[in-house]
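Working through the structure, step by step
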Amino acid sequence: AVVRHRREALSRRRLIDGDYGGDTKEWTFVGLAQRTSRRSWVNLPNVTAACDAAFLEDSLNRKRVICVEVNVEETKSPHEQLLLHRSLDALIGIHGAQMTQAALLPPNSHVLELLPWIPHYARGDWVQTTSIPTPLGMIFHNTDLNHFGHSLDRDSVPLCENSTREEERDCFTSEKNGWKFQWDNRHFFVDDGVVIRFINEFVLPMKRPRKCKDLLDRRHGQMTLYNVWCEVGGA
């Protein structure tokens, strides 16, 4: 069922033809988790297009990566949700309940938890911890999944864009915006470079065993490695 699901997804995108009889393992499926009501990924279509441009449109350097939207609110049954997640090699999404279903991913898959930007005067700092896993991250702790975190910044918040730094707090907490600014209600933007870099530097290289030191060297200021399978030798 999983192979059939993946074949159908590739066929819809015209990435394979009717004569294809493979198991699709040469393809990497990256799910981008969407929500319909609260915490919607506002620029997800643009990120999907950037993913296509980076991995599919250059026929000479095609890396056979396909980014697909994952919205469990639009599924019709638990079986459909299971099949959807078992068909992925990686899942990327904002901290929240929809990401708990990453536990359904195949062994050694990748989870990138996008950590909301929360200024010091707002509640919710527990959803952006990097020294220990977030409450969501505890689900993946000591499992066979590779769990990463990326800390979003002010640019991820589609509110009060024209306010100065001095005006932001009043704007965010105003009667008009207060509810929308709370991290568990707030819609968000993600720069497409975050997704492309994660795929290039962690998902694709880790399709074969990697040294822990190599993965640590790939980190940057906003990336956290919570639970990663790697070879200790040489670390």
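Everything discussed here concerns the structure shown above.
Residues numbered from 1 in each chain as written. Predicted model: local features only at pLDDT ≥ 70, side-chain atom pairs only at ≥ 80, totals over all residues. Heavy atoms only, no water.

1. Here we look at the overall build of the protein
- From N to C terminus, the protein includes 7 helices and 6 strands.
- What you see in the protein, going N to C, is helices and strands ordered as α-β-α-β-α-β-β-β-α-α-α-α-β.
- Expressed as a percentage of its 235 residues, the buried residues of the protein come to 48%.
- Accessible surface, the protein: about 12100 Å² in total, of which carbon and sulfur atoms supply 49%.
- Here the protein contributes 30 positively and 31 negatively charged side chains, and the mean placements of these two sets differ by 4 Å. (Helix = DSSP H or I, 4+ residues; strand = E, 2+ residues; numbered from the N terminus. Buried < 20%, exposed > 50% of the residue type's maximum accessible area, 1.4 Å probe, protein only. Areas by Shrake-Rupley, 256 points an atom, 1.4 Å probe, with all protein chains shown as cover. Lys, Arg positive; Asp, Glu negative; His and termini not counted. Charge placed at Lys NZ, Arg CZ, Asp CG, Glu CD.)

2. A closer look at the pattern of salt bridges
- As enumerated under the stated definition, the model contains 11 salt bridges in all.
- Salt-bridge contacts for Arg 6 lead to Asp 89; the nearest nitrogen and oxygen are separated by 3.3 Å. Placement of the pair is Arg 6 in helix H1 (residues 2–12) and Asp 89 in the loop between helix H3 (78–86) and strand E3 (90–94), with a sequence separation of 83 residues.
- For Asp 89, a relative accessible area of 23% puts it in the partly exposed group.
- A salt bridge links Arg 123 to Asp 184; the nearest nitrogen and oxygen atoms lie 3.1 Å apart. On the criterion of sequence distance, the pair formed by Arg 123 in the loop between strand E4 (110–115) and strand E5 (146–151) and Asp 184 in the loop between helix H5 (178–181) and helix H6 (192–203) is long-range, its members being 61 residues apart.
- Judged by its relative accessible area of 43%, Arg 123 falls in the partly exposed class.
- Residues joined by salt bridges that share partners form a network here, namely Arg 154, Arg 165 and Glu 168. (Salt bridge = Lys/Arg side-chain N within 4 Å of Asp/Glu carboxyl O.)

3. Some points on a negative patch on the surface
- On the surface, Asp 153, Asp 155, Asp 191 and Asp 192 cluster together into a negatively charged patch.
- When its relative accessible area of 53% is taken as the criterion, Asp 191 is described as exposed. (Patch = residues over 30% accessible without salt bridge, like charges linked within 9 Å, V, L, I, M, F, W, Y side chains within 5 Å.)

4. Here's the deal with the state of the cysteines
- According to the stated counting rule, one finds 3 disulfides in the structure shown.
- Between the sulfur atoms of Cys 160 and its disulfide partner Cys 171 the distance amounts to 2.0 Å. In this structure, the disulfide formed by Cys 160 and Cys 171 twists by about -90° around the S-S bond and is classed as left-handed. Of the two residues, Cys 160 is situated in the loop between E5 and helix H4 (165–172) and Cys 171 in helix H4; the sequence distance between them amounts to 11 residues. The same class applies to Cys 160 and to Cys 171, which are both buried. (Disulfide = S-S within 2.5 Å.)

5. Concerning unusual backbone geometry
- Unusually for a residue other than glycine, Arg 39 sits at a positive phi of about 55°.
- Looking at where Arg 39 falls in the secondary structure, it is placed in the loop between strand E1 (28–33) and helix H2 (44–55).
- With a phi close to 60°, Asn 142 is a non-glycine residue in the positive phi region.
- Mapped onto the fold, Asn 142 is located in the loop between E4 and E5.

6. Structural notes on H2
- Under the 1.5 Å per step criterion, the end-to-end length of H2 is 16 Å for 12 residues, consistent within 8% with the ideal 16 Å.
- Restricting attention to buried positions, one finds in H2 the residues Leu 44, Val 47, Thr 48, Ala 50, Cys 51, Asp 52 and Phe 55.
- Residues of H2 that are buried make contact with E1, strand E2 (65–70) and H6. (Expected span 1.5 Å × (residues − 1). Contact = heavy atoms within 4.5 Å.)

7. Regarding the sheet that holds E2
- Spatial strand order, E2-E1-E3-E4-E5-E6: 6 strands in an open sheet with mixed pairing. In this open sheet, the two strands that pair with only one neighbour each are E2 and strand E6 (223–227). Taking each pair of neighbouring strands and ignoring which way they run, the sheet shows an average axis angle of 20°.
- Pairing between E4 and E5: 6 bridges, direction parallel. Note that in E5 the partner of Leu 114 across the bridge is His 150. (Pairing = 2+ DSSP bridges. Axes fitted to C-alpha atoms, helices over the stretch in contact; angles between N-to-C directions.)

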